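# Residue-level structure breakdown
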Amino acid sequence: MTRKLHLNAFLMGVGHHEAAWRHPRTEPARLTDVRHYQELARIAERGKLDSVFLADGVALHGDFRSGRVRHAVRHNALGGLEPLTLLSALAAVTDHIGLIATVSTTYNEPFHVARKFASLDHISGGRAGWNIVTSAGEAEARNFGVVRPSHADRYARAAEFLEVTRKLWDSWEDDAILGDRVAGDYADTGKIHPIEHAGEHFSVSGPLNTSRSPQGHPLLVQAGSSEDGKEFAARFAEAVFTAQQTLREGQEFYADLKRRLAAYGRRHEDVLILPGISPIIGSTEREALRLEKELEDLIIPAYGLAQLAHMTGIELTEDALDGPLPDVPVETEGAQSRRKLVVDLARRENLTVRQLLNRLAGGRGHRVVAGTPEQIADQLQEWFVAGAADGFNIMPPILPGGLSDFVDHVVPELQIRGLFRYEYEGRTLRENYGLPRPPSRYAAAGRAARREVAVAR
């Protein structure tokens, strides 16, 4: 079978550009309107995209005590909906598109998360995916009354968290439900297993109180690009959302992560790498550049500086806009990979702070490309063919228009080139990603135990 691109639609409010809410093609009042997101999901499904994805955090973006979050709330449309709740509403109006939600392993418990994602997988008929994050922000820690764990501790907890959730998803065998109304046997309790997990961070007896879901395990997605993040992805992830600015950086990340898989007994094709890209699309290049300029003209520098402080830890005033980015200290905490990406971008292209803010406004470090549908398709094809991506996390600058433009104009170009599907391959998200359905780890042991009991009788 010819290798095909995988495309995910990253849905963020009324668009990924920080000034999207000010543009006349958007309606910021729809930020908490479920019908807005249902429309977006239908558009993505019309384009045969693999999935839609909702980012999330457990704090209002920024640091309220420093004043940075005041800029965030004042100058951007924030305060959206909780993703798992929202995706259940999207499941009801779609049939094929995958539904991926972000949930933190630092401020949740495995049993809750396992149950919620199993429920979404049942509700959607096998389309659930979990974007696993460890929550690097101090504001998030304060919302739970704890000290922010170290980078290493967050990833150690996350690894055990994944072990527990996967055990819980396996705790019901596929054929545990009998439904025998004549005999009065609803379930074969010999096929429902306690997990009896006792570890450093969690003690969970199990089994899960939700039966095994259509995919067995919801699709596992990861977005960290630090050393710990890449090791975590190589061990657990089935899709990776990542950010690189250049083809060479994309190739290096792709090769590095794929190389790590063998240590965990995994194959090259077991993990899909999907860099983020924000396409600004016009019928002509001039039209695309005009839209890019319209959005840049709506940027509020104070908001951009607050975003920059969040990513780099450097507090700047508007007096610094036309100078170079100052030295950024190397830190071991926070979002390490994104800090490095931002600093490398500023140094590589010799950008002033103002120019850097313009570059970050469209994708917070993800690549922004303005052009015609053919030019956007050229960019996607180059990275795909050159070993930098298995597909892309599409981040429309404005919504819903930017997603419609991509679906109606870029997707057909990719289809003509033989790079993207005309129809969905299967019913579940795993089937459309070309990934296997994991068996229950307890099924083989259960069969062996039942054989021993039968022999003894």
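The structure displayed is predicted, hence computed values, not measured ones.

### Some points on the overall build of the protein
The number of helices and strands found in the protein is 16 helices and 13 strands. Taking 2.2 N^0.38 as the reference for a compact globule, 457 residues should give roughly 23 Å; the C-alpha atoms of the protein span a radius of gyration of 23 Å, in line with that estimate. Considered along the principal axes of its C-alpha atoms, the protein spans approximately 85 × 50 × 45 Å. A separation threshold of at least 6 residues defines the contact pool for the protein, and within that pool the share at least 24 residues apart is 78%. Here the protein displays about 19700 Å² of accessible surface, and carbon together with sulfur accounts for 51% of that area. Computing the positive centroid from 55 side-chain charges and the negative centroid from 61, the protein places the two 2 Å apart.

### Some thoughts on helix H4 (residues 110–124)
For H4, which comprises 15 residues, the first-to-last C-alpha distance of 21 Å matches the rise-based estimate of 21 Å (1.5 Å per residue) to within 8%. Among the structural elements, helix H3 (83–91), strand S3 (98–104), strand S4 (128–133) and helix H6 (151–170) are those in contact with the buried residues of H4. With its phi angle positive at about 75°, Gly125 sits one or two positions after the end of H4.

### Remarks on helix H10 (residues 301–312)
The terminal C-alpha atoms of H10, which comprises 12 residues, lie 16 Å apart, in line with the 16 Å expected from a rise of 1.5 Å per residue. Buried residues of H10: Ala302, Tyr303, Gly304, Leu305, Ala306, Gln307, Leu308, Ala309, Met311 and Thr312, and no others. At the exit of H10 stands Gly313, carrying a positive phi of roughly 80°.

### Focus on the packing of helix H13 (residues 373–385) against helix H14 (residues 401–416)
Axis angle and axis distance: for two packed helices, these are the angle between their axes and the distance between the axes, and together they describe the pair. H14 packs onto H13 with a crossing angle of 55° between their chain directions and a minimal axis gap of 9 Å. Considering their axes alone, H13 and H14 lie oblique with respect to each other. Crossing of H13 over H14 shows right-handed handedness. Residue-level inspection shows Pro373, Glu374, Ile376, Ala377 and Leu380 of H13 in contact with H14, the latter providing Phe406, His409, Val410, Glu413 and Leu414. In terms of residue class, the contact of H13 with H14 is made up of seven nonpolar, one polar and two charged.

### Details of the nonpolar core
One broad rule of soluble globular proteins: the nonpolar side chains tend to lie buried together. Counting residues in hydrophobic clusters, the biggest one holds 68 residues, and the most contacted among them are Val52, Trp130, Phe392, Leu403, Phe406 and Leu414. Element by element, the count of residues in this core is highest for H6, at eight residues. Among residues more than four places away in sequence, those in contact with Val52 are Asn8, Ala9, Leu11, Ala41, Ala44, Leu87, Leu90, Ile97, Gly98, Leu99 and Ile100. Membership of the second largest hydrophobic core comes to 17 residues, among which are Leu305, Val328, Val343 and Leu357.

### A short note on the environment of Gly304
Structurally, Gly304 can be placed in helix H10. We classify Gly304 as buried; its relative accessible area is 3%. In sequence terms Gly304 and Val353 are 49 residues apart; their C-alpha atoms lie 9.6 Å from each other. If near-sequence neighbours (up to four positions away) are discounted, Gly304 is found in contact with Glu18 and Leu357.

### Considering the pairing of strand S2 (residues 51–54)
Judged by which residues are buried, S2 turns out to be covered on both faces: Ser51 and Phe53 on one side and Val52 and Leu54 on the other are all buried. Pairing of strand S1 (residues 6–11) with S2 involves four bridges; the strand directions are parallel. Looking at S2, one finds that Leu11 is bridged to Leu54. Between the parallel pair S1 and S2, the chain is carried across by helix H1 (residues 34–46), and the sense of this crossover is right-handed.

### A closer look at the environment of Asp185
Relative to the elements of secondary structure, Asp185 occurs in strand S6 (residues 185–187). Separated by 13 residues in sequence, Asp185 and Ala198 place their C-alpha atoms 32 Å apart. Filtering out sequence-adjacent residues up to four positions away, Asp185 remains in contact with Leu178, Gly179 and Asp180.

### Points about the packing of H1 against H14
Interaxial distance between H1 and H14 falls to 9 Å at its minimum, and their mutual angle equals 15°. With respect to H14, the axis of H1 lies roughly parallel. By crossing handedness, the relation of H1 to H14 is classed as left-handed. Of H14, the residues touching H1 (which contributes Leu40, Ile43, Ala44 and Arg46) are Leu403, Ser404, Val407 and Asp408.

### Re the pattern of salt bridges
Side chains carrying opposite charge are able to pair once their charged atoms draw close together. For the structure shown, the criterion picks out 37 salt bridges. Across the pair Arg348 and Glu249 runs a salt bridge, and its minimum N-O distance is 3.0 Å. Here Glu249 lies in helix H8 (residues 247–260) and Arg348 lies in helix H11 (residues 336–348), a separation of 99 residues in the sequence. When its relative accessible area of 23% is taken as the criterion, Glu249 is described as partly exposed. Ionic contacts of the salt-bridge type, sharing partners, join the residues Glu227, Lys230, Glu231, Asp256, Arg259 and Arg260 into one network.

### Digging into unusual backbone geometry
Across the junction of Gly206 and Pro207, the peptide omega takes the value 0°, indicating a cis bond. Mapped onto the elements of the fold, Pro207 is located in the loop between strand S8 (203–204) and strand S9 (219–222). Along the chain, Leu399 connects to Pro400 via a cis peptide bond; the corresponding omega equals 10°. Notably, Ser135 is not glycine yet its phi reads approximately 60°, a positive angle. One can find Ser135 in the loop between S4 and helix H5 (138–143).

What counts, and at which threshold
Residues numbered from 1 in each chain as written. Predicted model: local features only at pLDDT ≥ 70, side-chain atom pairs only at ≥ 80, totals over all residues. Heavy atoms only, no water. Helix = DSSP H or I, 4+ residues; strand = E, 2+ residues; numbered from the N terminus. Rg over C-alpha atoms; globule rule 2.2 N^0.38 Å. Contact = heavy atoms within 4.5 Å. Areas by Shrake-Rupley, 256 points an atom, 1.4 Å probe, with all protein chains shown as cover. Lys, Arg positive; Asp, Glu negative; His and termini not counted. Charge placed at Lys NZ, Arg CZ, Asp CG, Glu CD. Expected span 1.5 Å × (residues − 1). Buried < 20%, exposed > 50% of the residue type's maximum accessible area, 1.4 Å probe, protein only. Axes fitted to C-alpha atoms, helices over the stretch in contact; angles between N-to-C directions. Parallel < 35°, antiparallel > 145°, perpendicular 65-115°, else oblique. Left-handed = near helix turned anticlockwise from the far one by under 90°. Nonpolar A, V, L, I, M, F, W, Y, C, P; charged D, E, K, R; others polar. Core = buried A, V, L, I, M, F, W, Y, C linked by side-chain atoms within 4.5 Å. Pairing = 2+ DSSP bridges. Right-handed = clockwise from strand over helix to strand, strands pointing away. Salt bridge = Lys/Arg side-chain N within 4 Å of Asp/Glu carboxyl O.

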